[in-house]
Amino acid sequence: MAYSQTDFTLTYHFANNRLSMTGFITNLENESRKSNVFVSPGFLGLSATTGYTRPRTIGLKIDYLFE
């Protein structure tokens, strides 16, 4: 089954070119979906483990270049 996920990233580089700030939002829709399923042999048969997408994440990253 196909689905879409919206992510945004915006980066600003300051005039001195040594400092930059990046703001980001991932999974704007905040919908959790199965991302993968692992099936492995167990003691009494098969064992399945399911992974899910991450929830909405908002952050800010600051980078500084030391020279």
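Residues numbered from 1 in each chain as written. Predicted model: local features only at pLDDT ≥ 70, side-chain atom pairs only at ≥ 80, totals over all residues. Heavy atoms only, no water.

Further remarks concern the side chain of threonine 22. Here threonine 22 is to be found in strand β2 (residues 19–26). Among the polar contacts made by the side chain of threonine 22, one reaches the side chain of threonine 11 at a distance of 3.1 Å. With residues up to four places along the chain from it excluded, the contact list for threonine 22 reads Thr9, Leu10, Thr11, Gly59, Leu60 and Lys61. (Helix = DSSP H or I, 4+ residues; strand = E, 2+ residues; numbered from the N terminus. Polar contact = N/O pair within 3.5 Å; in protein donor to acceptor, adjacent residues only side chain to side chain. Contact = heavy atoms within 4.5 Å.)

Here we take up the packing of aromatic side chains. Aromatic rings in a pair are described by how distant their centres are and how their planes are angled relative to each other. Enumeration according to the criterion identifies two aromatic pairs in this entry. Seen in terms of ring centroids, tyrosine 12 and phenylalanine 14 are 4.9 Å apart; in terms of plane orientation they differ by 90 degrees. Their pairing is edge-to-face. Relative to phenylalanine 66, the ring of tyrosine 64 has its centre 4.7 Å away and its plane inclined at 70 degrees; by these criteria the two rings are edge-to-face. Accessibility expressed as a relative area gives 69% for phenylalanine 66, which makes it exposed. (Phe/Tyr/Trp six-rings, centres within 6.5 Å; stacked < 30°, edge-to-face > 60°. Buried < 20%, exposed > 50% of the residue type's maximum accessible area, 1.4 Å probe, protein only.)

Before going further, it helps to examine the side chain of threonine 53. Inspection of the secondary structure assignment puts threonine 53 in the loop between β4 (45–52) and β5 (57–64). Using a relative accessible area of 16% as the deciding quantity, one classes threonine 53 as buried. With residues near it in sequence (within four places) discarded, threonine 53 still touches Tyr3, Asn27, Glu31, Ser32, Arg33 and Ser35.

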